[in-house]
Amino acid sequence: MESKSNYIGKSIKRVDALAKVTGQAMYPGDFNMPGQLYMKVFFSERPHAIVKNVDITSAIAITGVVAILTAKDVPNNEYGLSFPDQPVLCGPGSEKEYADRVRFIGDQIAVVIAETEEIANKARSLIKVVYEDLPIIEDATESLKADAFLIHPELGKNEFCHYKIRKGDVDLAFNQCDIVIEEEYYTPVQEHIYLQPEAGLAYLDEDGLITVVVAGQWAHEDQEQIAHALNLPKEQIRIIYPAIGGAFGGREDMSVQIILALGVLRLHERGIDRPIKIIWNREESIIGHHKRHAFKMKAKWGATKEGKILAAENLLIADGGAYAYTSTKVLGNATLLTTGPYDIPNVKTDSLAVYTNNVPGGAFRGFGGPQANFLAEMQIARLAEALNIDPIEIRMRNLFDEGSFLSVGTKLPEGVSIKQVVETSAKKAGWQESANGWSRVTSIESQSKGKGVRKGLGFACGYKNIGFSFGYHENCHARIELFGTDQVERAVLYHAGAEVGQGAHTVFAQFAADALNLPLERIDLKFSDTKTSKSSGSVSASRMTFMAGNSIIGAAKLALEKWAAEERPAVGDFTYWAPKTTPYDPENGQCMPNITYGYVAVTVEAEVNVDTGKVTLNKVICVDDVGTAINPKLIEGQIEGAVVQAAGYALMEKFIQEKGMVKTSMMSTYLIPTILDIPTQVDSVILEIPDPLGPRGARGMGEMPYLPFASAVVDAVHDATGVWFTDFPLTQERVLQGLGKI
């Protein structure tokens, strides 16, 4: 590994820290401009219906209402990341077939633009909509039935994505197994609950560009989505990301971007050039943006008495909700990861994404990984129990190694470190290796305290792709300008990558300072503006450190070469293109799916009160191979944040939908962890085994700590109680049900 510089491997202060802690940082809702108008959205009052009429007569008559826009006002009334299956505004009047239908309660029917927020609210309350209700489908398995009502009639079925993996002969292999475990699993919906609800300000800039100041995760994708819906060249749209109050995947899809730009466009056509501002309240945010997919899964795994897994057969059904969003990509990840980080010679997997009338499923930290991991880790843990083999030992007999082949028929990229990660985690949690294999040195059961309180230790591990891949050619652009005479006096870095709280911009600055051999204070940072930067790709899929680092290093190299050639200023424009990947073969799944992977292992020490059902997390050890720790303190923050968020997923967060209606649309009903609910101790263990393709050896890690956490918690509860849970969150009620006490 290369030696570290003054900036690589150092926990320097975040470049945005002072502005954020002093309140100077500007988030989308903080922006105001002279003469601005205010926008409010009329959301659907039905989960599934035809909108027969939208009566705005009373609303538009109110003094101070400037415009009310409906479906007929949208130039090209469609959008969507996977494919354009969602109307911008639902209702009669647009040319888009079936755009007169609402398919979940977060569908938008009209937008009101007024002089004040109060006037906009009042006008919205006076809009009258006539609906023709349609059958509501709230269960993905029901949606698959032959006689199910079609949510998107033009497609002819409710299943909109199906992947297959076929490797070896599972039927023959099961006949050779000494033990076969079959089970069904369920993983729940989860809401992102980022601190900053959706907000934005849109206006015409000095060059006449429709400019949208908003929070997102891929500025150039937002630009393209808006341009598509407005039938404009993308160059006519400008996206600016200021400070962003969290994302976790929840800002990958559209929320207020298109309607803000639509408002500016339509008012401009009427000779009105005034900024438009919108801020959603928490309830609007919860119903208005996508969630983590709920998965129903069936698994059948078989092994020899020595613990070698011979066959795995899996079925995954993802509730895609009303629209596709990123379901096809999420499902692609889950399909691959559903056999875990294990070398299994015979695999049969089918995965389906299905429309329902629930809030759409979409990107959320882990991107299909946590759901798939739950299936894989529960199956191997149950095989270990049935065979009376230590849970670490059975994993070591099956884990990937350098040169292992994936279930899709291609080799893992170099840098496979899962065994080192598992070994480190196990040793720190009290396992040891001997001539007879791995075993726990001490039993945690003897440490149980108090009547009715039992302690357990759980373990889980996993891996996940870095980047979208599966045929998408990953790329990222950076531009560096060098100024001075004899020596570089100042550098400017232009990069579109979003800072959603994870510290990306600080890491970008570290890469630039290292590559240019300049002090940080001599580098000006220009971020997240489509007018000044080319595409960075999305800040998701644990890809941005990997992709941005490579792009910045490349731009710095070019700029320095031009500087040496006496160019002033010296400009380095560089797009990093990762190695190509390929999509799933539709029949057998064979492909080269991803450029590289991250590896993680987690142990959880938990207490279970068998009288009240309360699960308390005492200690977590999370081991992550990050390749090279560019900023160790930021990595620790990512690990701790992921652990807290995953603890909510595993134990508390219960998103309830009934007949398409959200029952937990406020923070008083959708409970997330407080300081009293998080683990007492989190040990963040950073391994640095360089990735051959990573910038300075770094590999992405933002999602990795999340992946196996729920699996480890459920394993710990089993260790404490002897009961296997096949679903979560493990609320007190659910635990007592599992223990047979209610």
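This one's a predicted model, so the numbers in the text were calculated from it and none came from an experiment. (Residues numbered from 1 in each chain as written. Predicted model: local features only at pLDDT ≥ 70, side-chain atom pairs only at ≥ 80, totals over all residues. Heavy atoms only, no water.)

### With respect to the overall build of the protein
Part 1: Along its length, the protein carries 17 helices and 29 strands.
Part 2: The C-alpha radius of gyration computed for the protein amounts to 26 Å, which stays within 12% of the reference 27 Å derived for 742 residues, consistent with globular compactness.
Part 3: C-alpha atoms of the protein, sized along the principal axes, occupy 80 × 75 × 55 Å.
Part 4: Taken across its 742 residues, the protein has 63% of its residues classed as buried.
Part 5: Within the protein, counting contacts between residues at least 6 apart in sequence, those at least 24 apart form 80% of the total.
Part 6: When the accessible surface of the protein is summed, it comes to about 26,800 Å², and 50% of that surface belongs to carbon and sulfur atoms.
Part 7: Where the 72 positive side-chain charges of the protein centre and where its 92 negative ones centre are 2 Å apart. (Helix = DSSP H or I, 4+ residues; strand = E, 2+ residues; numbered from the N terminus. Rg over C-alpha atoms; globule rule 2.2 N^0.38 Å. Buried < 20%, exposed > 50% of the residue type's maximum accessible area, 1.4 Å probe, protein only. Contact = heavy atoms within 4.5 Å. Areas by Shrake-Rupley, 256 points an atom, 1.4 Å probe, with all protein chains shown as cover. Lys, Arg positive; Asp, Glu negative; His and termini not counted. Charge placed at Lys NZ, Arg CZ, Asp CG, Glu CD.)

### Regarding the packing of helix α6 (residues 219–230) against helix α7 (residues 257–269)
Part 1: Following both chains from N to C, one finds α6 and α7 inclined at 50 degrees, their axes separated by 9 Å at the closest point. Judged by the angle between their axes, α6 and α7 are oblique. For the pair α6 and α7, the sense of crossing is right-handed. For the pair formed by α6 and α7, the contact residues are Asp222, Gln225, Ile226, Ala229 and Leu230 on the first element and Gln257, Ile258, Ala261, Leu262 and Leu265 on the second.
Part 2: Looking at the contact of α6 with α7, its residues break down into seven nonpolar, two polar and one charged. (Axes fitted to C-alpha atoms, helices over the stretch in contact; angles between N-to-C directions. Parallel < 35°, antiparallel > 145°, perpendicular 65-115°, else oblique. Left-handed = near helix turned anticlockwise from the far one by under 90°. Nonpolar A, V, L, I, M, F, W, Y, C, P; charged D, E, K, R; others polar.)

### Quick word on the packing of aromatic side chains
Part 1: All chains considered together, the criterion is met by 22 aromatic pairs.
Part 2: With 6.4 Å between their ring centres and 65 degrees between their planes, tryptophan 218 and tyrosine 472 make a pair best called edge-to-face. Of the two residues, tryptophan 218 is situated in the loop between β10 (210–214) and α6 and tyrosine 472 in the loop between β20 (453–465) and β21 (475–484); the sequence distance between them amounts to 254 residues.
Part 3: For tryptophan 218, a relative accessible area of 18% translates into the label buried.
Part 4: A relative accessible area of 26% means that tyrosine 472 is categorised as partly exposed. (Phe/Tyr/Trp six-rings, centres within 6.5 Å; stacked < 30°, edge-to-face > 60°.)

### Comments concerning the environment of leucine 399
Part 1: Inspection of the secondary structure puts leucine 399 in the loop between α11 (391–396) and α12 (418–428).
Part 2: Here the alpha-carbon distance between leucine 399 and lysine 419, two residues 20 residues apart in the chain, equals 6.7 Å.
Part 3: In this structure, leucine 399 is in contact with Pro341, Tyr342, Asp343, Ile418, Lys419, Val422 and Cys461, ignoring residues within four places of it in sequence.

### Looking at the packing of helix α15 (residues 632–651) against helix α16 (residues 709–721)
Part 1: Contact geometry of α15 with α16 gives a least axis separation of 9 Å together with a crossing angle of 55 degrees. Taken together, the axis directions place α15 and α16 in an arrangement best described as oblique. Handedness of the α15/α16 crossing: right-handed. Here Val643, Ala646, Ala647, Tyr649, Ala650 and Leu651 of α15 lie close against α16, whose contacting residues are Phe709, Ala710 and Val713.
Part 2: Here the residues of the contact of α15 with α16 sort into nine nonpolar, no polar and no charged.

### A look at α16
Part 1: Here α16 is 13 residues long and its end C-alpha atoms lie 18 Å apart, about the 18 Å a rise of 1.5 Å per residue gives.
Part 2: Burial within α16 is extensive, with 13 of its 13 residues counted as buried.
Part 3: At the C-terminal side of α16, glycine 722 shows a positive phi close to 80 degrees. (Expected span 1.5 Å × (residues − 1).)

### A short note on the side chain of asparagine 373
Part 1: Tracing the backbone through its elements, the reader meets asparagine 373 in helix α10 (residues 369–387).
Part 2: Judged by relative accessible area, asparagine 373 falls into the buried class, the value being 6%.
Part 3: If sequence neighbours within four positions are ignored, asparagine 373 has contacts with Met378, Cys461, Gly462, Leu707, Pro708 and Ser711.

### A closer look at the state of the cysteines
Part 1: On inspection of all chains with the given rule, the structure shows zero disulfides.
Part 2: Free of any disulfide, cysteine 177 has its nearest neighbouring cysteine sulfur in cysteine 461, separated by 20 Å.
Part 3: Note on cysteine 177: relative accessible area 14%, which makes it buried. (Disulfide = S-S within 2.5 Å.)

### Remarks on the sheet that holds strand β6 (residues 128–133)
Part 1: Read from one edge to the other, the open sheet built from three strands follows the order β4-β2-β6, with strand pairing classed as antiparallel. Of all strands in the sheet, those with a lone pairing partner are β4 (101–102) and β6, marking the two edges.
Part 2: As paired elements, strand β2 (residues 49–55) and β6 share six bridges and run antiparallel to each other. Its bridge partner being in β6, valine 54 is matched across the sheet by valine 129. (Pairing = 2+ DSSP bridges.)

### Focus on the pattern of salt bridges
If the charged atoms of two oppositely charged side chains come close together, the side chains can form a pair.
Part 1: This structure, assessed with the given rule, holds 47 salt bridges.
Part 2: Measuring nitrogen to oxygen at the nearest pair gives 3.4 Å for the salt bridge that ties glutamate 499 to arginine 14. Of this pair, glutamate 499 sits in the loop between β22 (488–495) and α13 (504–516) while arginine 14 is found in the segment before α1 (17–21), placing the two residues 485 residues apart along the sequence.
Part 3: Assessed through its relative accessible area of 5%, glutamate 499 is described here as buried.
Part 4: Its salt-bridge partner being arginine 490, residue aspartate 524 comes within 2.9 Å of it at the nearest N-O pair. Of this pair, aspartate 524 sits in strand β23 (residues 523–527) while arginine 490 sits in strand β22, placing them 34 residues apart in sequence.
Part 5: Its relative accessible area of 34% is what places arginine 490 among the partly exposed residues. (Salt bridge = Lys/Arg side-chain N within 4 Å of Asp/Glu carboxyl O.)

### Notes on the pairing of strand β16 (residues 346–355)
Part 1: Counting buried positions along β16 gives nine out of ten residues, so the element sits mostly inside the fold.
Part 2: Examined bridge by bridge, strand β7 (residues 159–167) and β16 share eight bridges and lie antiparallel to one another. Among the inter-strand pairings, isoleucine 165 is bridged to a residue of β16, identified as threonine 349.
Part 3: Sheet topology note: the strand β15 (residues 309–321)/β16 ladder contains ten bridges and is parallel. When the sheet's bridge partners are listed, asparagine 314 is paired in β16 with threonine 349.
Part 4: Following the chain from β15 across helix α9 (residues 327–337) to the adjacent parallel β16, one finds a crossover that is right-handed. (Right-handed = clockwise from strand over helix to strand, strands pointing away.)

### Things to note about the nonpolar core
Soluble globular proteins tend to bury their nonpolar side chains together.
Part 1: Membership of the largest hydrophobic core comes to 222 residues, with the highest contact counts inside it found for Trp301, Val604 and Phe709.
Part 2: What valine 604 contacts, discounting residues up to four positions off in sequence, is Gly456, Leu457, Gly458, Leu617, Lys619, Val620, Phe709, Ala712, Val713 and Ala716. (Core = buried A, V, L, I, M, F, W, Y, C linked by side-chain atoms within 4.5 Å.)

### Section: unusual backbone geometry
Part 1: For the peptide bond that leads from arginine 568 to proline 569, omega is -10 degrees, which places it in the cis range.
Part 2: For proline 569, the position within the fold is in the loop between α14 (544–564) and β24 (570–577).
Part 3: In this model, phenylalanine 728 is joined to proline 729 through a cis peptide bond whose omega is 15 degrees.
Part 4: With respect to the helices, strands and loops of the structure, proline 729 is situated in the loop between α16 and α17 (732–738).
Part 5: In the Ramachandran plot, asparagine 388 falls in the positive-phi region, its phi being about 60 degrees despite a non-glycine side chain.
Part 6: Relative to the assigned elements, asparagine 388 resides in the loop between α10 and α11.

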